[in-house]
Amino acid sequence: MQAAAQGEFWNDLYSRASPMSSGRPGQALAQFAGPLAAGTALELGCARGDDAVWLARRGWAVTAVDISSVALEYAADNARRAGVADRMRFEAHDLAVSFPGGDYDLVTASFLHSPHDWPRTKVLARAASVVRPGGHLLIVEHGSYAPWSWSSNETPPPTAEETFRAMHLAPDDWQRNCVCRIERAAKGPEGQTAQVKDNIIFLLRLG
C-alpha cells in the first residue's frame, strides 16, 4: 500500500475515534521507562499522545511521530491541554519512507503494527539506530491477539526473541534488559475486556 493510502486508512480510523487522551501511559512504558532519568525521547506511532504527553510531564523533550495527520492533531491538542506543548514536537512520517532526524536517549514504539504490508522489522531496526550510547530502546508488541483484533488468530504473533533476532542488532552494542512477555488487561473499542500478552524488547545501547 502506498504512503498516501496508508495515511488515508489511519486518518479514517482516528476520525471515528475519540480525540481525547486517556491521560494514562501504556503499562509497559510506565514500568520500563518510568525509572529512567528524563532526556530526549522519540515515540513512533504516537496516536492521541497518551505516552508522549506522559513522558513530557516527566520532563522529557519528546518528538512524537505518526502517519496520521488526524492523530497528530489530537496529540497536539492533548499536549496543550496538559500544559506540555513546549516540550513536544510532532512530525508526520510513513516510517517506511521517511524518518525523524537526530538521536535520542529513549526511542519507544508501542504496538507499531499495520494490517497492511509494511516493513515493520526494518522500521524497528532503524529505530534502534537513532538511540544514543547510554540510551534505551523500548518496543512493545502483541504477544497474543485480543478477540477484537484485526490480526489473524490462526497465525501466532512472533515471540519477543524472534522480533529481537529479526532486527539483526550488533550484540556487542546492546544490553538486553528485558526480552520477555508480560500480561495485561486489555479493553476493546466497544468496552470489551480480555487478558492479553505483550512482548517487551527493552535494551540499553552500549556503543
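Our subject is the structure listed above.
Residues numbered from 1 in each chain as written. Predicted model: local features only at pLDDT ≥ 70, side-chain atom pairs only at ≥ 80, totals over all residues. Heavy atoms only, no water.

Q: Describe helix α5 (residues 120-129), and please don't skip the residues or the numbers.
A: Turning to α5, its buried residues are R120, V123, L124, A127 and A128. Along the long axis of α5, the arc covered by the buried residues comes to 145°, so they all point the same way. Tucked into the core, α5 has its buried residues touching β1 (40-44), β4 (104-110), β5 (131-142), α6 (160-166), β6 (174-187) and β7 (193-205). (Buried < 20%, exposed > 50% of the residue type's maximum accessible area, 1.4 Å probe, protein only. Helix = DSSP H or I, 4+ residues; strand = E, 2+ residues; numbered from the N terminus. Arc of directions from axis to C-beta. Contact = heavy atoms within 4.5 Å.)

Q: Break down the environment of G49 for me, with residues and values.
A: Examined against the element boundaries, G49 turns out to sit in the loop between β1 and α3 (50-57). C-alpha separation for the pair G49 and A125, spaced 76 residues apart in sequence, amounts to 23 Å.

Q: Explain helix α4 (residues 69-82) to me, using residue names and the numbers behind them.
A: Compared with an ideal rise of 1.5 Å per residue, which puts 14 residues at 20 Å, α4 spans 20 Å between its outermost C-alpha atoms and is within 8% of the ideal. Among all positions in α4, only V70, A71, L72, Y74, A75, A76, N78 and A79 are buried. Two or three places before V70, at the opening of α4, S68 has a side-chain oxygen 3.3 Å from that residue's backbone nitrogen. Following α4 by one or two positions, G83 has its phi on the positive side, about 75°. (Expected span 1.5 Å × (residues − 1). Polar contact = N/O pair within 3.5 Å; in protein donor to acceptor, adjacent residues only side chain to side chain.)

Q: How would you summarise the pattern of salt bridges if you had to cite specific residues and measurements?
A: Counted according to the given criterion, the structure contains 10 salt bridges. In this structure, E141 engages R120 in a salt bridge whose closest nitrogen and oxygen atoms are separated by 2.9 Å. With E141 in strand β5 and R120 in helix α5, the pair connects residues that are 21 residues apart, well separated along the chain. The exposure class of E141 is buried, given its relative accessible area of 1%. One salt bridge in this structure joins R165 and E161, with 4.0 Å as the shortest N-O distance. One end of the pair, R165, and the other, E161, are both in helix α6, 4 residues apart, so they sit about a helical turn from each other. (Salt bridge = Lys/Arg side-chain N within 4 Å of Asp/Glu carboxyl O.)

Scope: geometric values only; no functional claims are made or implied.
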